[in-house]
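Results of the structural survey
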Amino acid sequence: MAISTVNPTTGVTEQVFEAHSAEEVERRIACADEAAKILRGTSYARRAEWMKATAQLLEAEAEELGRLITLEMGKPIAQSVAEVRKSAASMHFYADNAEKFLADTPLEDPSVVGASKAWTTYQPLGAVLAVMPWNYPIWQVIRFAAPALMAGNTGLLKHASNVPQSAIYLDTLFERGGFPAGSFRTLLIGGSAVAPVIADPRVKAVTLTGSEPAGRSVASIAADHVKKSLLELGGSDPFVVMDSANVPAAAATAVRARISNNGQSCIAGKRFIVHTDVYDEFAAEFARLMGELVVGDPMDPATQVGPLATADGRDELAGLVDDAVALGAQVLVGGSAPQGEGYFYLPTVIAGLSDEMRLVQEEAFGPVASLYRVRDREEALQVANQTTFGLSSALWTNDAAEEQWFLERLEAGAVFINGMTVSNQELPFGGIKRSGFGRELAAEGIREFCNLKTVWKA
């Protein structure tokens, strides 16, 4: 099996790599297993030293690595470089905070359990497999790897097959920073080769960021082998704008929310739900700003929207829009792929949606915004919660009582008020419903792949 880098800006195959053989996969798993025995015996201070050195490598190579990200998946170059720097910041964060996050917690009064002393302690599990997507090819991996390694685990990476050069870069990164050989290893394998890796008894847990079908498959295999899994799946996040909101600010932020990463983000605002009293003002400004965006070569610093990562992704997005239009939806701006090479799709705002449209039922992974007019907060909530996903949400209101009402009722793993959803290492991240389970980032993220052990002493 060949694994290729196809430049989404041109459609040209840049490099082709052979997948790892079963023997090479076995060697890499064995190496990760051996490294786990070493890492669990090292101090937090030593791991922090290695993690900071690795972060410094990322910082020094941010420009070069940013160009590689853009070559492989097409996001604007400034966003690619920012992704690398954000990843390095997360590594510093866990280097500085891991020991505190995983500190022993004593029972205040051990006599209530008949002990002289009782406490809980966190211990690493061992080798953890990460099945990662192409849309943030460095950040998605680092936000798993930094806490996992700081906890004393080792990492095995099955990256998306369209970003093999990013995967190869990550393969040696942590060892270059000083971590023991095998602490982090990339597996260049296809999706069909993942199941045996999860089943391997040396692999203790698995985390996946990706599509719902992929999540179902990975979770099912992990369950068959009674192993922990963490899933961050799709999102069709609501962006609710109520009549008390600052409409120009909401519209400008809505554009950034929708087109960040060329619209290919699980946590991007996708469904814009606007109170009827401000709908016309919001719709006009939103469509105007989306129509003014610069679409083009993502290596050009002036470009705001680059291509979608794959031809299939572009065609799937176009199919969602075409289906909606055929069923009566109105395109306010965009609605087509421009002529020429590459996997581009114009920034699009579409309104007049109804439940039978695929665009209402499925995640639009690209620069397409769905616009809804609602009468009141009850209808806004109904539209916001009607999706099967529950990753994040945004709420625009300047009414404190209304804010609290929505906070208690929005079905999502997060609510961002008068702003757009972003992932921060200081805050836990994850969803509910079909957006998955478990949490990444913050203290919760580093604890996910630890054994919380209770200790009782007579």
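The following refers to the structure shown. (Residues numbered from 1 in each chain as written. Predicted model: local features only at pLDDT ≥ 70, side-chain atom pairs only at ≥ 80, totals over all residues. Heavy atoms only, no water.)

Turning our eyes to something else, we now look at the layout of surface pockets. Space inside the largest pocket adds up to approximately 1,000 Å³. As for the largest pocket, its lining consists of 41 residues, and the residues nearest its centre are Trp134, Gly210, Ser211, Glu212 and Ala214. Put simply, the parts of the chain that give the lining of the largest pocket at least two residues each are helix H7 (194-199), strand S8 (203-209), helix H8 (212-224) and helix H11 (311-326). Counting residues per element, the lining of the largest pocket draws most heavily on H8, at six residues. Split by residue class, the lining of the largest pocket holds 21 nonpolar, 14 polar and six charged. (1 Å grid on protein atoms, 1.4 Å probe; cavity = no way out; pocket = protein on both sides within 12 Å on 5 of 7 lines; lining within 4 Å. Points joined across faces, edges and corners; volume = space filled by probe spheres on them. Helix = DSSP H or I, 4+ residues; strand = E, 2+ residues; numbered from the N terminus. Nonpolar A, V, L, I, M, F, W, Y, C, P; charged D, E, K, R; others polar.)

Next up on the list: the side chain of threonine 397. Tracing the backbone through its elements, the reader meets threonine 397 in the loop between strand S16 (394-396) and helix H14 (400-407). A distance of 3.0 Å separates polar atoms of two side chains, one belonging to threonine 397 and the other to serine 244. Within the structure, threonine 397 has its side chain in polar contact with the side chain of glutamate 402 (distance 2.5 Å). Residue contacts for threonine 397: discarding those within four places in its chain leaves Met242, Ser244, Ala245, Glu402, Glu403 and Asn418. (Polar contact = N/O pair within 3.5 Å; in protein donor to acceptor, adjacent residues only side chain to side chain. Contact = heavy atoms within 4.5 Å.)

On to the sheet that holds strand S6 (residues 154-158). If you trace the six strands from one edge of the open sheet to the other, you get S7-S6-S5-S8-S9-S19, paired in mixed fashion. Two strands lie at the open edges of the sheet, namely strand S7 (184-186) and strand S19 (436-437), each paired on one side alone. Across the face of the sheet, helix H6 (residues 164-176) comes into contact with S6 and S7 while running at roughly 165 degrees to S7. (Pairing = 2+ DSSP bridges. Axes fitted to C-alpha atoms, helices over the stretch in contact; angles between N-to-C directions.)

As summarised here, the arrangement of the seven strands in space is S12-S13-S14-S11-S10-S16-S17, forming an open sheet in which the pairing is mixed. This sheet does not close on itself; its edge strands, each paired only once, are strand S12 (330-333) and strand S17 (416-417).

Turning to empty space enclosed by the protein, a few remarks are in order. Going through the model one piece at a time under the given rule, you end up with five cavities of 30 Å³ or more. Computed from the structure, the largest cavity encloses a volume of approximately 80 Å³. In this structure, the largest cavity is lined by Arg143, Phe144, Pro147, Ala148, Thr207, Leu230, Arg439, Glu440, Leu441, Gly445, Ile446 and Phe449. Those elements giving two or more residues to the lining of the largest cavity turn out to be helix H5 (139-150) and helix H15 (442-447). Broken down by element, the residue count for the lining of the largest cavity peaks at four residues, all from H5.

Counted under the stated rule, the structure contains 30 salt bridges. Between arginine 28 and aspartate 171 there is a salt bridge, with its nearest N and O atoms 3.0 Å apart. Note that arginine 28 is positioned in helix H1 (residues 22-39) and aspartate 171 in helix H6, a separation of 143 residues in sequence. Aspartate 171 carries the same exposure label as arginine 28, and that label is buried. A salt bridge links lysine 433 to glutamate 411; its shortest N-O distance comes to 2.9 Å. One end of the pair, lysine 433, is in strand S18 (residues 432-433); the other, glutamate 411, is in the loop between H14 and S17, with 22 residues separating them in the sequence. Taking relative accessible area as the criterion, glutamate 411 reaches 36% and is therefore assigned partly exposed. (Salt bridge = Lys/Arg side-chain N within 4 Å of Asp/Glu carboxyl O. Buried < 20%, exposed > 50% of the residue type's maximum accessible area, 1.4 Å probe, protein only.)

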